[in-house]
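Residue strings, one per chain:
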2 protein chains.
Amino acid sequence: MNTLRNAISQMISISEAEAEEFMAFCYRKSFRKKAILSDDDQFINEVYFIEKGILRVKIIDLDGREHTTHFASENQFIADYNAFLTGKKSRYQLEAMEDLETVVLPRKAIEWGYQNLKEGEKLGRLVAEYYFIYLDTRIQHLYTLSPLERYDLMNGLFPDIHNRVPQHMIASYLGITPIHLSRIKKQKD
Amino acid sequence: MNTLRNAISQMISISEAEAEEFMAFCYRKSFRKKAILSDDDQFINEVYFIEKGILRVKIIDLDGREHTTHFASENQFIADYNAFLTGKKSRYQLEAMEDLETVVLPRKAIEWGYQNLKEGEKLGRLVAEYYFIYLDTRIQHLYTLSPLERYDLMNGLFPDIHNRVPQHMIASYLGITPIHLSRIKKQKD
DNA sequence: ACAAAATCTAAACATTTGTTATCGTTTTCC
DNA sequence: GGAAAACGATAACAAATGTTTAGATTTTGT
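**Student:** Account for helix α4 (residues 107–116) of chain A, with residues named and values stated.
**Tutor:** Those residues of α4 of chain A not exposed but buried are A109, I110, W112, G113 and Y114 of chain A. Check the buried side of α4 of chain A and you find it contacts α2 (16–23), β3 (46–52), α3 (81–86), β8 (100–106) and α5 (120–144) of chain A together with α5 (120–144) of chain B.

**Student:** Hey, could you go over the environment of M23 of chain A for me, with residue numbers and the actual values?
**Tutor:** All names here are of chain A. Mapped onto the elements, M23 comes out in helix α2. Taking the C-alpha atoms as reference points, M23 and S38, 15 residues apart in sequence, are found 21 Å from one another. Those residues in contact with M23, other than ones at most four positions away along the chain, are M1, L4, R5 and I8.

**Student:** Tell me about the protein's contact with DNA strand D, and name the residues and values.
**Tutor:** Contacts to DNA strand D come from 16 residues, most closely from K33 and R183 of chain A together with Q167, H168 and S182 of chain B. Within 4 Å of the protein, the atoms of DNA strand D are drawn from sugar and phosphate moieties in a proportion of 72%. Within the backbone of H168 of chain B, an N or O atom sits 3.4 Å from a phosphate oxygen of DNA strand D. Breaking the surface near DNA strand D down by element, the ones donating at least two residues are α9 (178–187) of chain A together with α8 (167–174) and α9 (178–187) of chain B. In terms of residue count, the dominant contributor to the surface near DNA strand D is α9 of chain B (four residues). Its residues assigned to classes, the surface near DNA strand D shows five nonpolar, six polar and five charged.

**Student:** Before we move on, can you summarise helix α1 (residues 2–9) of chain B with the specific residues and values?
**Tutor:** All names here are of chain B. Among the residues of α1, those classed as buried are L4, A7 and I8. Relative to the axis of α1, the buried residues are bounded by an arc of 95 degrees and lie together on one face. Structurally, α1 contributes buried residues whose contacts are with α2 (16–23), β3 (46–52), β6 (77–78), β8 (100–106) and α5.

**Student:** Hey, could you go over the packing of helix α8 (residues 167–174) of chain A against α9 of chain A for me, with residue numbers and the actual values?
**Tutor:** Residue and element names in this part refer to chain A. In contact at an axis separation of 8 Å, α8 and α9 are set at 95 degrees when each is read in the N-to-C sense. The angle between α8 and α9 places the two elements in the roughly perpendicular class. Side by side, α8 and α9 meet where Q167, H168, I170, A171 and L174 of the first sit next to P178, L181 and K185 of the second. Its residues assigned to classes, the contact of α8 with α9 comprises five nonpolar, two polar and one charged.

**Student:** How would you sum up the nonpolar core? Please name residues and give values.
**Tutor:** Formed by 121 residues in total, the largest nonpolar core has its most connected members in L4, I8, F22 and L105 of chain A together with L4, F22 and L105 of chain B. The leading source of residues in this core is α5 of chain A, at eight residues. Those residues in contact with L4 of chain B that sit more than four places away from it in its chain are M23, C26, F49, F77, V103 and L105 of chain B.

**Student:** Please set out the side chain of H70 of chain A residue by residue, giving values where relevant.
**Tutor:** As for its placement among the helices and strands, H70 of chain A is situated in strand β5 (residues 66–72). Look at H70 of chain A and you get buried, because its relative accessible area is 11%.

**Student:** Explain the interface of chain A and chain B to me, using residue names and the numbers behind them.
**Tutor:** Counting residues at the interface gives 32 residues for chain A, matched by 32 residues for chain B. Considering only the surface of chain A that becomes buried against chain B, R125, F132 and Y143 of chain A emerge as the three largest contributors, covering 22% of it. Counting the contacts that link chain A with chain B gives two salt bridges. A salt bridge links E121 of chain A to R125 of chain B; its shortest N-O distance comes to 2.6 Å. Along the contact surface separating chain A from chain B lie 16 residue pairs in polar contact (both at pLDDT 80 or more). For the side of chain A that touches chain B, the secondary-structure elements that each account for two or more residues are β5, α3, α5 and α8 of chain A.

Conventions adopted
- Residues numbered from 1 in each chain as written.
- Chains lettered and ligands numbered in written order.
- Predicted model: local features only at pLDDT ≥ 70, side-chain atom pairs only at ≥ 80, totals over all residues.
- Heavy atoms only, no water.
- Buried < 20%, exposed > 50% of the residue type's maximum accessible area, 1.4 Å probe, protein only.
- Helix = DSSP H or I, 4+ residues; strand = E, 2+ residues; numbered from the N terminus.
- Contact = heavy atoms within 4.5 Å.
- Near = heavy atom within 4 Å.
- Polar contact = N/O pair within 3.5 Å; in protein donor to acceptor, adjacent residues only side chain to side chain.
- Nonpolar A, V, L, I, M, F, W, Y, C, P; charged D, E, K, R; others polar.
- Arc of directions from axis to C-beta.
- Axes fitted to C-alpha atoms, helices over the stretch in contact; angles between N-to-C directions.
- Parallel < 35°, antiparallel > 145°, perpendicular 65-115°, else oblique.
- Core = buried A, V, L, I, M, F, W, Y, C linked by side-chain atoms within 4.5 Å.
- Buried area = accessible area lost by both parts, 1.4 Å probe.
- Salt bridge = Lys/Arg side-chain N within 4 Å of Asp/Glu carboxyl O.

Pasting the structure below:
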């Protein structure tokens, strides 16, 4: 749980006593590769913090097709935060790509934090801002970059992604078919 | 400025005295149709609140092409919030589509609010969460819906958008060319 | 260790979407 | 009020991307 504690300490100042009490609401949970941490069509009341491993976030459209919208790995918070915040049912599935070790932050922990941590609201603000910035940047890239350019960019952001997830999921993340990704990579030479 | 005050009151509880003091940092500003409120390649230290009118957010890619990424109208906060938060130069331009009346919230107002409003951090959290939810929903739609489906959806969200902005900007927002939007609309019959 | 499943590439073809050019209409701006 | 610009539709053509199928290789599960 120290990893979570460190991550929080990097965002806000938090006392030993506060941290202790906050962590009491949280617990560790492991998942096997391919496990679904969080399923769609259900209400979301937990946020995960990843200590080890990598997962993907995917969404299924009306034709039953899967789209990988996001990857998350060590030292990141992950959830269908949209559903968590709005109280609507989730549209996403979280699927472990490797054996995972996580810390679960139940809604109670987070609400307790808002009310009792000196900088609890600030922590919530920084997390929301962080993910807002991430999504805004992605939207910028979707509008202004070609799939190949986005592919190169992703390699800069996640240098080891190729060894951890199959390429057809990367293609899905880029919004193209795996066949097309093959073509694009070939053209690079 | 009452419109801004009301918008804030809907999100947090704020006393008369607090509101008074906060508003003292803000001021009204008007823009003519086609004016650029906020230019790209510069640092962002203001957030706008729209009292009247509508604007678009656009981004210019390396080939010099414009992409309309967002519309904002009455009772909404708008800025390159990404650049505002990160301290990086803006990638967006904000352009008035009609004569605009706005209230400017300078960075000082917002920072003062975080430190002095009882629920200042909470306000910041709610705004960031609101825009995160908006962007996440857009990304869901980009992955799972066709341009036509996104077009129909947009009409539900902004019923009067057609009377306020030209169609080629709507096409740009949808990520397609105006010619293609014409085609799509024709197929609907 | 071995059979089954998953993965990546490739080619041929189909579909979608973009590009360029044109035309008539509407809007804008002095 | 009138010239100029912006706008929306359309057609013909070009480019990008998806679909289907196949085959070779690797990974997975037991």
